[in-house]
Amino acid sequence: MSELTLTVLRLGLLALLWLFVLAVVGVLRTDLLGTRVTARRTERQRGRQRRAEPPPEAPAPRRERATLVVVEGSLRGTTLALGQSPVLIGRGADCTLVLDDEYASTRHVRITPAPDGAGWLVEDLQSTNGSYLGRDRLSTPVPFEPGTPLRIGRTVLELRR
Amino acid sequence: MATVLPVYPTTRRNVELVLVVAAVLISCGAWAVVGLTEDGSLPGGLFAHGGGLGALAVVLHLLLRWRAPHADPVLLPVATLLNGMGLVMLHRLDLSEGTSAASRQFIWSALGIAAAGAVVVVLRDHRVLRRYTFTAMVTGLVLLALPLLPVLGKEINGARIWVGIGPLSFQPGEIAKIVLAVFFAGYLVVHRDALSLTGPKVLFLRLPRARDLGPILLAWAVSVGVLVLQRDLGTSLLFFGLFVAVLYVATERVSWIVIGLGLFVAGAVFAATTMSHVRSRVDIWLHPFDADNADSAYQLLQGLYGMASGGLLGTGLDRGRPDIVPFANSDFIYASFGEELGLAGLFALLLLYAVLVERGMRTAIGVRDGFGKLLAAGLAFSVALQVFVVVGGVTRVIPLTGLTTPFLAAGGSSLVSNWIVVALLLRVSDLARRPAAEVRNGPEPGDTGVTQAVRIP
């Protein structure tokens, strides 16, 4: 065995060892789990898209874009853009935001655009454990102000501009 | 409109298979390099040992597919590679020293992997172990005390930690480590509230009540007993460190670590001042280059010189002289690797251990039951502490103690017990990564109650 071959073998073995370590680290990256967002097109949406082709004749009052952020709970870090349509939150599979939270009801709260065009309303859908906006338990639809925590079971949501 | 759902990991069993095969191939490659360097030909035992290790690891992988399909995918490959590299280094040292440690280690590897497979198949749910909390305590203490019995116990190299039946000898302390981890987890998951919620607050520490100090004092007394009666620094340190770590994980209170370290320092000072063999270890650690210590520090110094001559990339397998160091294939196998694979190789090995420990801790975070959390955290921490104590001892960070390097060092009891640790971590991680039962509610309004079918272990 020539000196060169042996050197190549020696360095090759080290390189292989490190490749293995890097491969393992690569596998570990898949463990950094978040949430998967899948687009779900509904009949209504498809219809609206077709209708939206011509320019809207009377532009609705510009609504600020806002996002709903999960700040606590198993879905922490999830964000959801609020648009024109109401958003249903709960454990049921038909909700927009499906919570993985034992203390949430199947359909827990609904967040709807306020009729006056500014802001959003949050409404408790007779959930078992109730919803709390700040410190108050929701009984009627109330305006959802940015920065006020909305607690649903073990999940806390916040509205951000 | 969009749906947002939590993502559960896929099983990744195919990735595991690829990594296992890669680990076996790397080990075979290293074995071949030893032979090529020695006499330019492929060594005879290459296919027997490499193929044997590969077959065993693949069988364990298939058992995982059958019985623990959601188990963590990197634990098995990492353990296989560490075991394989250990075999290579033992084979290489056999060539210099004319021993046959590698073949014996290979038989122990087979036994270890078989034991791991048995654990995965027989133990369907780790929560069963919780029923045997106090059985585990008694078993653990008996195992620790076994070497002290007059006929069974054997004293080898100054430490009375062996049990010998005829030509076979075994270190029951290695198995005691696992059994005691089960006991600590089962005991603390019940008593953690009493240990974490009450007690006076002094400065920034919430101290426990005096009567809650009982368990930690008992653990300390037992570990000091091991130190005095069996003269084994390593097992005593591992045992006490494991208890304090699990206690901290269970209670989340820093005061337990402070108390544990305080007790440890008291014990260490006591041992270093009164017991001659501990004092000489500390002396060797602090002054290895003194002329007075020339004989006693010989092993440590040769290990240090070996690692120094290895440098960054090592001398290459079979091109250094790691066999000069006494016990190069057990206590000082880390120095042997340092000499022949260099710092780059040592760090790769350390990273493999880090991955092993990280997966254990990740399992502890992911699993939903408290017992599983404490068990996984305890087992993972025991591996971490063992690696720290051995590597720290060899590299003169802390005084040298008699613990074995997991998976690498020659020694059957350690190898079998570490494979069982990996099997238990695999079992817990299977539950941690298994997706929660799919919840499908009917569309009826007001249907909020969800009934899930849960399998009772």
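The model shown is predicted, which means the values in this text are computed figures rather than measured ones. (Residues numbered from 1 in each chain as written. Chains lettered and ligands numbered in written order. Predicted model: local features only at pLDDT ≥ 70, side-chain atom pairs only at ≥ 80, totals over all residues. Heavy atoms only, no water.)

Colleague: Just give me the short version of the overall build of chain B, but keep the residues and values in it.
Modeller: For chain B, the count of helices and strands is 14 helices and six strands. For 457 residues, the compact-globule estimate of 2.2 N^0.38 gives 23 Å, and the C-alpha radius of gyration of chain B, at 23 Å, lies within 12% of that figure. Its C-alpha atoms give chain B principal-axis dimensions of roughly 80 × 55 × 45 Å. Per-residue burial over chain B gives 54% buried out of 457 residues. When contacts within chain B are restricted to residue pairs at least 6 apart in sequence, those whose partners lie at least 24 apart make up 73%. In the form shown here, chain B has an accessible surface area of approximately 18,900 Å², with 68% of it arising from carbon and sulfur atoms. Averaged over its 34 positive side-chain charges, chain B has a centre that lies 10 Å from the centre of its 28 negative ones. (Helix = DSSP H or I, 4+ residues; strand = E, 2+ residues; numbered from the N terminus. Rg over C-alpha atoms; globule rule 2.2 N^0.38 Å. Buried < 20%, exposed > 50% of the residue type's maximum accessible area, 1.4 Å probe, protein only. Contact = heavy atoms within 4.5 Å. Areas by Shrake-Rupley, 256 points an atom, 1.4 Å probe, with all protein chains shown as cover. Lys, Arg positive; Asp, Glu negative; His and termini not counted. Charge placed at Lys NZ, Arg CZ, Asp CG, Glu CD.)

Colleague: I'd like to hear about the sheet that holds strand E4 (residues 168-170) of chain B, residue by residue, with values.
Modeller: Residue and element names in this part refer to chain B. In space, the three strands of this open sheet follow the order E2-E3-E4, with antiparallel pairing throughout. The open sheet is flanked by strand E2 (153-156) and E4, the only strands paired with a single partner. If you compare each strand with its neighbour and ignore which way they point, the axes differ by 45° on average. (Pairing = 2+ DSSP bridges. Axes fitted to C-alpha atoms, helices over the stretch in contact; angles between N-to-C directions.)

Colleague: Go over the pairing of strand E12 (residues 155-160) of chain A with me, naming the residues and quoting the values.
Modeller: Residues and elements named next belong to chain A. The buried fraction of E12 amounts to five of the six residues, a majority that puts the element mostly inside the structure. Sheet topology note: the strand E2 (residues 66-72)/E12 ladder contains five bridges and is antiparallel. Directly across from Glu 72, in E12, lies its bridge partner Val 156. Alignment of strand E11 (residues 150-152) against E12, held across three bridges, turns out to be antiparallel. Among the inter-strand pairings, Leu 150 is bridged to a residue of E12, identified as Leu 157.

Colleague: Which residues make up the environment of B:Gly260, and what values do they have?
Modeller: Residue and element names in this part refer to chain B. With respect to the helices and strands, the residue Gly 260 is situated in helix H9 (residues 254-274). Spatially, the C-alpha atom of Gly 260 lies 8.6 Å from that of Trp 220, the residues being 40 residues apart in sequence. Once residues within four sequence positions are removed from consideration, Gly 260 is found in contact with Ile 216, Phe 240 and Val 244.

Colleague: Account for the pairing of strand E6 (residues 109-113) of chain A, with residues named and values stated.
Modeller: Residue and element names in this part refer to chain A. For E6, the tally of buried residues reaches four of five residues, placing the bulk of the element in the interior. Inspection of the sheet shows strand E4 (residues 87-90) paired to E6 by three bridges, in the antiparallel sense. Paired with Ile 89 across the bridge in E6 is Val 109. Note that E6 and strand E7 (residues 120-124) share five bridges and pair antiparallel. If you follow Val 109 over to E7, its bridge partner there is Asp 124.

Colleague: Kindly report on the pattern of salt bridges, identifying the contributing residues and their values.
Modeller: Oppositely charged side chains can form a pair if their charged atoms are brought close together. All names here are of chain B. All told, the structure shown has 15 salt bridges over all chains when counted by the stated rule. Residue Arg 433 pairs with Asp 72 through a salt bridge whose shortest N-O separation is 4.0 Å. On the criterion of sequence distance, the pair formed by Arg 433 in helix H14 (residues 412-433) and Asp 72 in the loop between helix H2 (45-67) and helix H3 (75-97) is long-range, its members being 361 residues apart. The residues Arg 433 and Asp 72 share a single accessibility class, namely buried. In the salt-bridge network here, residues are joined through shared partners; they are Asp 72, Glu 358, Arg 359 and Arg 433. (Salt bridge = Lys/Arg side-chain N within 4 Å of Asp/Glu carboxyl O.)

Colleague: Describe in detail a nonpolar patch on the surface, supporting the description with residues and values.
Modeller: A cluster of nonpolar side chains, namely A:Leu11, B:Leu312, B:Leu313, B:Leu343 and B:Phe347, defines an oily patch on the protein surface of about 450 Å² accessible area. Summarising the element assignment, B:Leu312 is placed in the loop between helix H11 (298-310) and helix H12 (333-366). By relative accessible area, which is 59% here, B:Leu312 ends up exposed. (Patch = residues over 30% accessible without salt bridge, like charges linked within 9 Å, V, L, I, M, F, W, Y side chains within 5 Å.)

Colleague: Residue-level account of the confidence of the model for chain A, with values.
Modeller: Chain-level statistics for chain A give a pLDDT mean of 80 and a share of 78% at 70 or above. The least confident element of chain A is helix H2 (residues 43-51) of chain A, whose mean pLDDT is 53; the most confident is helix H1 (residues 3-29) of chain A, at 91. (pLDDT = per-residue confidence, 0-100.)

Colleague: Outline the confidence of the model for chain B, supporting the account with residue identities and numerical values.
Modeller: Residue and element names in this part refer to chain B. Per-residue confidence for chain B gives a mean pLDDT of 86, with 92% of residues at or over 70. Across residues 438-449, where pLDDT falls below 50, the model places 14 contacts with residues more than four positions away in sequence or in other chains. Prediction confidence for the complex, expressed as pTM and ipTM, is 0.78 and 0.87 respectively.

Colleague: An account of the packing of H9(B) against helix H10 (residues 276-286) of chain B is needed here, citing residue identities and associated values.
Modeller: Residues and elements named next belong to chain B. Running from N to C, H9 and H10 point in directions that differ by 100°, and their axes come no closer than 5 Å. With respect to H10, the element H9 is oriented roughly perpendicular. Contacts from Ala 271, Ala 272, Thr 273 and Thr 274 in H9 reach Ser 276, Val 278, Arg 279 and Val 282 in H10. Partitioning the contact of H9 with H10 into residue classes produces four nonpolar, three polar and one charged. (Parallel < 35°, antiparallel > 145°, perpendicular 65-115°, else oblique. Nonpolar A, V, L, I, M, F, W, Y, C, P; charged D, E, K, R; others polar.)

Colleague: Which residues make up the sheet that holds strand E9 (residues 136-137) of chain A, and what values do they have?
Modeller: Strand order in the open sheet formed by six strands is E3-E2-E12-E11-E8-E9 (chain A), and the pairing between neighbours is antiparallel. With partners counted over all chains shown, the strands left at the sheet margins are strand E3 (79-82) and E9 of chain A, one partner each.

Colleague: Report on the side chain of B:Gln299, specifying residues and quantitative values.
Modeller: Checked against the element boundaries, B:Gln299 lands in helix H11. With residues up to four places along the chain from it excluded, the contact list for B:Gln299 reads B:Val325, B:Pro326, B:Phe327, B:Asp331, B:Phe332 and B:Leu400.

Colleague: Can you tell me about unusual backbone geometry, naming the residues and giving the values?
Modeller: Residues and elements named next belong to chain B. We note that Arg 12 has phi near 60°; this positive angle belongs to a residue other than glycine. Turning to its location among the elements, Arg 12 is positioned in the loop between strand E1 (2-6) and helix H1 (13-39). The exposure class assigned to Arg 12 is partly exposed, which follows from its relative accessible area of 25%. At Arg 396, a position not held by glycine, the phi torsion is positive, near 65°.

Colleague: Can you lay out the nonpolar core for me, pointing to particular residues and giving the numbers?
Modeller: Among the nonpolar cores identified, the biggest contains 131 residues, and A:Phe20, B:Leu317, B:Phe337, B:Leu375 and B:Trp419 are the most heavily contacted of them. Looking at this core, the element that brings in the most residues is H12(B), giving 15 residues. For B:Leu375, the contacting residues outside a window of four places in its chain are B:Leu129, B:Ala181, B:Val182, B:Ala185 and B:Val428. Counting residues in each nonpolar core, the second largest holds 22 residues, with A:Leu82, A:Val109, A:Phe144 and A:Ile152 among its members. (Core = buried A, V, L, I, M, F, W, Y, C linked by side-chain atoms within 4.5 Å.)

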